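# Inside the fold
Given next are the chains, with one letter for each unit.
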Amino acid sequence: MKDTLRQQFERLAMRLAELDATLADPTVASDMNRYRALTREHAEVDSLVQRFRRYEQRERDLAAARDMLGEPDMAEMAQEEIASAEADITRLHGELQAALLPRDPDDGRNAFLEIRAGTGGDESALFAADLLRMYLRHAERQGWRTEVMSESMSDLGGYKEVVLRIVGDDVYARLKFESGGHRVQRVPTTETQGRIHTSACTVAVMPEPDEAEEIQLNPAELRIDTFRASGAGGQHVNKTDSAIRVTHLPTGIVAECQDDRSQHRNKAKALAVLAARLREKDSSERAAKEAATRKGLIGSGDRSDRIRTYNFPQGRLTDHRINLTLYKLLAIMEGDLDDVLAALQAARAAEQLAELEGRGA
């Protein structure tokens, strides 16, 4: 283990001693919020420090076993202990490194998933509908709840744009690498001569902001328009001006919702999507600055980044960021995204480990 990593764990051991002393103070329990935060931190730090102490113990065991190799009657037992200790050290080292990886504070949040048709006309809108179905099926597999926040249908039953809210454990952590350009190669249903067409959609995955953050939207910077809903939705749909469009004047970012009978609920949904889009704009700008100094494997999440190709004639999905190719496209389109998402998360973890080791070099 590099000295810099070892020093980080020694600092954590010192922090654990501080937390022990603080939690022993009877006055701390009088502030329940602080007490809960401290006990949560204590549990996390204690787990890491115990694992680090186990790592150190196995290092000592390994050194002792190597010393025993010179004794003929102990050599076989020493060899067994060396193999066992080396395996434990390798495993614990990996666990300790992973534990130090910075966690995105948004990872535990729910998410808004936005799909927009791009190049390819009607075929692109139909592919947007296929992507929506894929994500809905995956959410169902995970036990997540979903809600369509807004949608704009195309003439052939696809989507020009659709925004989905997904609620569940670590939704953003699992789906955040889906942001970017998704390209499809297939023979459209409208193609009479059997030619393969290429079209594209963009996907943006945005963490759902806290309610407190949504309230921070300055009303003076918002223009709120009401209009009559259009499209499918029942007999009530054209009788009241319940649809809401919210424009953030400084940026020109727009969000609208017309799916609910209630103008109040439509406004709340549109404001939530707008807040998420504004946060995404800020984070995308930060990611672009970071990308200028470091080219990440997973990319910046920018809509213009072409991240993936879905080739239907070959039954192939290719994620261009990590050179992943899977020949199980039909299963993936039915929501079986586990292999893709796990590979992306593993690639990001490896990238973070390289950065961590680079800082310690």
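Bear in mind that the values here come from a model prediction, so they are computed numbers and not experimental data.

About the thresholds
Residues numbered from 1 in each chain as written. Predicted model: local features only at pLDDT ≥ 70, side-chain atom pairs only at ≥ 80, totals over all residues. Heavy atoms only, no water. Buried < 20%, exposed > 50% of the residue type's maximum accessible area, 1.4 Å probe, protein only. Helix = DSSP H or I, 4+ residues; strand = E, 2+ residues; numbered from the N terminus. Pairing = 2+ DSSP bridges. pLDDT = per-residue confidence, 0-100. Contact = heavy atoms within 4.5 Å. Axes fitted to C-alpha atoms, helices over the stretch in contact; angles between N-to-C directions. Phe/Tyr/Trp six-rings, centres within 6.5 Å; stacked < 30°, edge-to-face > 60°. Lys NZ or Arg CZ within 6 Å of the ring centre and 35° of its normal.

## Quick notes on the pairing of strand S7 (residues 243-248)
A regular strand places its side chains so that they alternate between the two faces of the sheet. Most of S7 is tucked away: 5 of the 6 residues are buried. As judged from the 6 bridges shared by strand S6 (residues 222-227) and S7, these two strands associate in the antiparallel manner. From the neighbouring strand, isoleucine 224 faces S7, where its bridge partner is valine 246. Of the strand pairs in this sheet, S7 and strand S8 (residues 253-257) are connected by 5 bridges, and their pairing is antiparallel. Note on S8: the bridge partner recorded for arginine 245 is glutamate 256.

## Focus on unusual backbone geometry
Backbone geometry follows two general trends: most residues other than glycine have a negative phi, and most peptide bonds adopt the trans configuration. Its identity is not glycine, yet aspartate 170 carries a phi of approximately 55 degrees, on the positive side. Among the secondary structure elements, aspartate 170 is positioned in the loop between strand S3 (159-167) and helix H5 (171-175). For asparagine 323, which is not a glycine, the phi torsion comes out positive at approximately 55 degrees. Looking at where asparagine 323 falls in the secondary structure, it is placed in the loop between strand S10 (316-319) and strand S11 (324-326). When its relative accessible area of 69% is taken as the criterion, asparagine 323 is described as exposed.

## Quick look at the confidence of the model for the protein chain
Counting all residues, the mean pLDDT for the protein chain is 85, and 88% of those residues have values of 70 or more. The model gives residues 232-238 a pLDDT under 50, and that stretch makes 8 contacts with residues more than four places away or in other chains.

## Topic: the sheet that holds strand S5 (residues 197-207)
Across the sheet, 8 strands lie side by side as S2-S3-S1-S5-S4-S9-S10-S11; this open sheet has mixed pairing. Each edge of the sheet is formed by a strand with only one pairing partner; in this case those strands are strand S2 (145-153) and S11. In this sheet, adjacent strand axes meet at a mean angle of 15 degrees when their direction is disregarded. Contacting strand S1 (111-117), S2, S3, strand S4 (180-186), S5 and strand S9 (306-311), helix H4 (residues 121-142) runs over the sheet at an angle of about 110 degrees to S4.

## Some details on the packing of aromatic side chains
Inspection of the entire model under this criterion finds 2 aromatic pairs. Relative to phenylalanine 52, the ring of phenylalanine 9 lies with its centre 5.1 Å away and its plane at 15 degrees, an arrangement referred to as stacked. Of this pair, phenylalanine 9 sits in helix H1 (residues 3-23) while phenylalanine 52 sits in helix H2 (residues 32-68), and the two are 43 residues apart along the sequence. Relative accessible area serves as the criterion here: at 0%, phenylalanine 52 is assigned to the buried category. Arranged with centres 5.3 Å apart and planes meeting at 70 degrees, the rings of phenylalanine 127 and tyrosine 310 form a pair that is edge-to-face. Taken together, the residues phenylalanine 127 in helix H4 and tyrosine 310 in strand S9 connect sequence positions 183 residues apart. Exposure class is identical for phenylalanine 127 and tyrosine 310. Each is buried. We note arginine 186 situated over the ring of phenylalanine 312; from NZ or CZ to the ring centre the distance is 5.0 Å.

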